Structure formats: structure tokens, C-alpha cells
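Working through the structure, step by step
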Amino acid sequence: MPDDSVRLFADDLAGLRSEAGAPTLEQLAQRAGISKSVLSDAFAGRRLPTENTVRKLVAALGGDSAPWVARRLALDPRHAAAASSEMRAAPVETAPSGSEARTGLARPVTLGAFLIGLAAVAVIAVATSAITAGLVAQRVAAAADVAPTPESTYLPFADGVDPMLTICREDVVLAGGDEFLDGAVLVEMMYSNHCMAVWGRVTRHDGLAAGNSMSMLIYPRDDPESDRNQLRSDSDLQSLYTTLLIEPDVEARVCGIATITVGEETFEQPNPVCI
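Residues numbered from 1 in each chain as written. Predicted model: local features only at pLDDT ≥ 70, side-chain atom pairs only at ≥ 80, totals over all residues. Heavy atoms only, no water.

Details of a negative patch on the surface
Let me state the cut-off plainly: Here, patches come from residues exposed beyond 30% relative accessible area and free of salt bridges, joined within 9 Å for like charges and within 5 Å for nonpolar side chains (Val, Leu, Ile, Met, Phe, Trp, Tyr). Residue burial considers only the protein chains on display, and all accessible areas are found by Shrake-Rupley using a 1.4 Å probe. The term salt bridge refers to a side-chain nitrogen of Lys or Arg lying within 4 Å of a carboxyl oxygen of Asp or Glu. Positive charges are assigned to Lys and Arg, negative charges to Asp and Glu, while His and the chain termini are left out of the count. Charged side chains are reduced to one point each, which is NZ for Lys, CZ for Arg, CG for Asp and CD for Glu. Numbering of helices and strands runs from the N terminus, with a helix taken as a DSSP run of H or I at least four residues long and a strand as a DSSP run of E at least two residues long. Any residue under 20% of the maximum accessible area for its type is buried, any over 50% is exposed, and the rest in between are partly exposed; the area is computed with a 1.4 Å probe on protein chains only.
On the surface, a cluster of negative charge is contributed by D222, D223, E225 and D227. As for its position among the elements, D227 is in the loop between β4 (213-220) and β5 (230-235). Classification of D227 by relative accessible area gives exposed; the value is 82%.

Some thoughts on the environment of V172
We count it as follows: Two residues qualify as a contact provided that any one of their heavy atoms is within 4.5 Å of a heavy atom in the partner residue.
One can find V172 in strand β1 (residues 172-180). For the pair V172 and C195, spaced 23 residues apart in sequence, the C-alpha to C-alpha distance is 9.5 Å. When near neighbours in sequence (up to four residues on either side) are disregarded, V172 contacts M190, Y191 and W199.

Points about helix α3 (residues 36-44)
Buried residues of α3: V38, L39, D41, A42 and F43, and no others. Buried residues belonging to α3 abut α1 (6-19), α2 (25-32), α4 (51-60) and β1. Of the residues flanking the end of α3, it is G45, one or two places downstream, whose phi is positive at about 75°.

Concerning the state of the cysteines
Worth spelling out the cut-off: Disulfides are defined as cysteine sulfur pairs within 2.5 Å.
Throughout the structure, instances matching the rule amount to two disulfides. Through a disulfide, C168 is tied to C195; the S-S separation comes to 2.1 Å. Across the S-S bond linking C168 and C195, the dihedral sits near -105°, which makes this disulfide left-handed. Remark: C195 occurs in the loop between β2 (185-192) and β3 (197-204) and C168 occurs in the loop between α7 (111-143) and β1; sequence separation between them is 27 residues.

Observations regarding the environment of W68
Along the polypeptide, W68 turns up in helix α5 (residues 65-75). A relative accessible area of 14% places W68 in the buried class. Through-space distance from the C-alpha of W68 to that of R55 is 7.6 Å; in sequence the pair is 13 residues apart. Look past the residues within four positions of W68 in its chain and what remains in contact with it is F9, D12, L13, L16, V54 and V58.

So, the confidence of the model for the chain
Here is the rule: As a per-residue quantity, pLDDT reports the predictor's confidence and falls between 0 and 100.
Mean pLDDT over the chain: 81, with 72% of residues reaching 70 or higher. Across residues 123-133, confidence stays below pLDDT 50; counting only partners more than four residues off in sequence or on other chains, it has zero contacts. Below pLDDT 50 for its whole length, residues 139-151 participates in 14 contacts with residues either more than four positions away or in separate chains.

Focus: the pattern of salt bridges
Inspection of the entire model under this criterion finds 12 salt bridges. One salt bridge connects R47 with D41, and the closest N-O pair in it is separated by 3.4 Å. For D41, a relative accessible area of 13% translates into the label buried. Among the salt bridges present, the one from R228 reaches D159, with a minimum N-O distance of 3.6 Å. One end of the pair, R228, is in the loop between β4 and β5; the other, D159, is in the loop between α7 and β1, and 69 residues separate them in sequence. When its relative accessible area of 27% is taken as the criterion, R228 is described as partly exposed. Here the residues in one salt-bridge network are D4, D12 and R71, joined through shared partners.

Some remarks on the layout of surface pockets
Where we set the bar: Method remark: on a 1 Å grid restricted to protein atoms, a set of points is classed as a cavity if a 1.4 Å probe fits but cannot get out and as a pocket if it is open with protein on both sides within 12 Å along at least five of seven lines; lining residues have an atom within 4 Å of a point. Grid points are joined across faces, edges and corners, and a volume is the space filled by probe spheres set on the points. Each residue gets one label: Ala, Val, Leu, Ile, Met, Phe, Trp, Tyr, Cys and Pro are nonpolar, Asp, Glu, Lys and Arg are charged, and the others, such as Gly, are polar.
Space inside the largest pocket adds up to approximately 620 Å³. Those elements that provide at least two residues to the lining of the largest pocket are α3, α4, β1 and β10 (273-274). In the lining of the largest pocket, the residues fall into 11 nonpolar, eight polar and 11 charged.

Some details on the packing of aromatic side chains
Heads up, the rule is: Note on aromatic contacts: the rings of Phe and Tyr and the six-membered ring of Trp form a pair at centre separations within 6.5 Å, being stacked when their planes are under 30 degrees apart, edge-to-face when over 60 apart, and tilted otherwise.
Here the structure, examined in full by the defined rule, presents one aromatic pair. Aromatic pair F9 and W68: ring centres 5.6 Å apart, planes at 70°, arrangement edge-to-face. Of the two residues, F9 is situated in helix α1 and W68 in helix α5; the sequence distance between them amounts to 59 residues. Of the two residues, F9 and W68, neither departs from the other in class, the shared state being buried.

A short note on the packing of α1 against α3
Put simply, the test is: Between N-to-C directions, angles cover 0 to 180 degrees, with each direction set by a line fitted to C-alpha atoms, over the stretch in contact for helices. Orientation labels follow simple angle bins: below 35 degrees gives roughly parallel, above 145 gives roughly antiparallel, 65 to 115 gives roughly perpendicular, and whatever is left gives oblique.
Across the interface, α1 lies against α3 with an axial gap of 6 Å and an inter-helix angle of 110°. When the axis of α1 is compared with that of α3, the two are roughly perpendicular. Contact residues: α1 offers R7, A10, L13, A14 and R17, while α3 offers A42, F43 and A44. Looking at side-chain class alone, the contact of α1 with α3 contains six nonpolar, no polar and two charged residues.

Written out as C-alpha cells, the structure is:
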């Protein structure tokens, strides 16, 4: 589906819902075990639903989840970024050398041709030096686990860096989200294709920011105790975002979970958001 989009995906999900007898959001939420707000976003096309949401929703509507999950993967910006990287990394075919390249008899070399050859060798040498220098710079950056950035005004992006101080903010997309406490708290997972980085954001709409705190943790789904986990906590704020977690593996998933306080009580998000 080359012209597919999140909007078309949502429209087709709505069509599947109609074919299933148009169950209400409350009925679907009970069948699929997904909150009504997440279902509403999926049908409205406001954001790309998570793989888990698609799988459960389609199953609850009596459909085959596999093609829907594959279609959702094709729309995932992280999948597109990985495919682009693979294309850039594809090997380039080179012309044969040695005896394979000689298809005719040897011919005398003129002085002009000899001088042109020398010039070509010099150009190749300069180009090779430039390429080698570039590769060395890339390897040095990789060894430091910090990616080089094209703008000197930005910080290099890496685990634990503030995303607002990096180039990652330039192509950020909302990759997933959820609400809890009856919509009083919104949890969002942000993603940058350029940086292949994730960060979380939690916003409270209960008007009780003063005197209360909130926190958000993001972590690799397959390693919840990872040293790469990013946790941020603060008080008297209406909205808070985490630092970066770099995840270049497109098959890996990153999850986020938020916690807020209201007076002496602490409320944790029931289900993490994973992208």
C-alpha cells in the first residue's frame, strides 16, 4: 500500500468495526482490554496505534491481526528509518579488475594518456584520504557512544541527553500515548527518526500541579532493569519530559510509565505505553 497513511489505517479500522456490528468503545474496551481513550485515538487517526493495540483491537473485532500488524509496521517511522539505513548501507558493485577486465590486446600508451592517468591517480588519492578521514571521525564518535550532529548549536544526542537541546526535536513524532485517572493524566511517547531516539512526556490536566509531584520512566521492554533506563521526577509542574533513550534496533521496543501524587496519595499508570 504505497499511499497508505495513519488516516487511511484508521478509516479501515473503522470499516472493520462497522462490519463487526459497530460495537461501542466501552464494549470494545472490555473485549480487548484497552482503554477507551486509546481506542478513540486509533479510530480517529490522531496517532499510529501501538502494535499491541492493533493486535488486540483487530482480534476483538473478529479479524486476522497478522496483516494489520504488518501494515502498521510499514507505517511505523522507526521501521522506515531502519529501511532507509539498510538502503544506505547496501554494497556498491565495482568493476572487475585484473585479467577479468582485459578484454582486448594491449595498446601503446601515449604521453598525454600517461599524464591524464597521473592526474586521475592524484584525484583518487585525495578522495580516498577524505573518505578515510570521514570514516575515522565516525568511528571515534561511535566509540564515544555519541552521534555527530550537523549543527554546532545542538548537543550531540546520546542516552541521558535533554532532547530539547539536540537535533532530535526537529523531526519528533508522537509514537504512542495513553491516559489514566479518567483522563486527568496524559502519557505520551515521542520518537525521532534522525536520532532513532525515544523520550517520554507526562502532562496532568487535573489542575493540581502545585504542591504535587510527577515522574516518568522509559525503559527497553525486554530489559526493564537496564542501565539505559531514563527516569525524571519533579514537582509543581503541569508537564514533564524525560531525557533521551537511543534505540537503533527497529525490532526493539521502548516502554514508558508515569506516576503522579495528589496530596498524600500516589497514582501509577496502570499499563505502560510501548512503541
